[in-house]
Amino acid sequence: AGAHEARCPACHRVHDRFPAGYVTLKGPFLAAHRDELLHRVRNCEQTEKGDHPLERIMDVEDGAEGVLVTTTGTHLARRIGDALHDAYKGELDYRYNKEENLLRVTWSR
């Protein structure tokens, strides 16, 4: 592979569409405060970049269950879950798949 093909691990995940973190936001509170919650999610990304420059949000998608935020790393997914729970309480669930280095976070309220 030539030098022009060199990518950082985060860029590889983005290019291959293979997130390491999945954060699902759901519940009636989400419907009423979507913009505020997503603003908090974006703030988490900015803060995380200071500690882990390769951790970033890949996508934010609206789905049947709520909003799905995908991240290039597990640290950012955890930080988002923690921040939402700290600020808004609600239910928080983490499921980590060690083999795939994959973290699924579900926050609902």
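Residues numbered from 1 in each chain as written. Predicted model: local features only at pLDDT ≥ 70, side-chain atom pairs only at ≥ 80, totals over all residues. Heavy atoms only, no water.

Caption draft 1: The pattern of salt bridges, seen in detail. Taken as a whole, this structure holds seven salt bridges when the rule is applied. Note that Glu65 and Lys26 form a salt bridge whose closest N and O atoms lie 3.4 Å from each other. Of the two residues, Glu65 sits in the loop between strand S2 (57-62) and strand S3 (67-71) while Lys26 sits in strand S1 (residues 21-26), which places them 39 residues apart along the sequence. We note a salt bridge from Asp62 to Arg34, for which the minimum N-O separation is 2.8 Å. Pair noted here: Asp62 is in strand S2 and Arg34 is in helix H2 (residues 28-51), with a separation of 28 residues, a long-range link. By relative accessible area, Asp62 is classed as exposed at 54%. The class for Arg34 is partly exposed, based on a relative accessible area of 28%. (Salt bridge = Lys/Arg side-chain N within 4 Å of Asp/Glu carboxyl O. Helix = DSSP H or I, 4+ residues; strand = E, 2+ residues; numbered from the N terminus. Buried < 20%, exposed > 50% of the residue type's maximum accessible area, 1.4 Å probe, protein only.)

Caption draft 2: Quick look at the packing of H2 against helix H3 (residues 74-88). With their axes 9 Å apart at the nearest point, H2 and H3 run at an angle of 130 degrees to one another. Here H2 lies oblique to H3, going by the angle between them. Classified by chirality, the crossing of H3 by H2 is right-handed. Contact residues: H2 offers Phe29, Glu36, Leu37, Arg40, Val41, Cys44, Glu45, Thr47, Glu48 and Asp51, while H3 offers His75, Leu76, Arg79, Ile80, Ala83, Leu84, Ala87 and Tyr88. (Axes fitted to C-alpha atoms, helices over the stretch in contact; angles between N-to-C directions. Parallel < 35°, antiparallel > 145°, perpendicular 65-115°, else oblique. Left-handed = near helix turned anticlockwise from the far one by under 90°. Contact = heavy atoms within 4.5 Å.)

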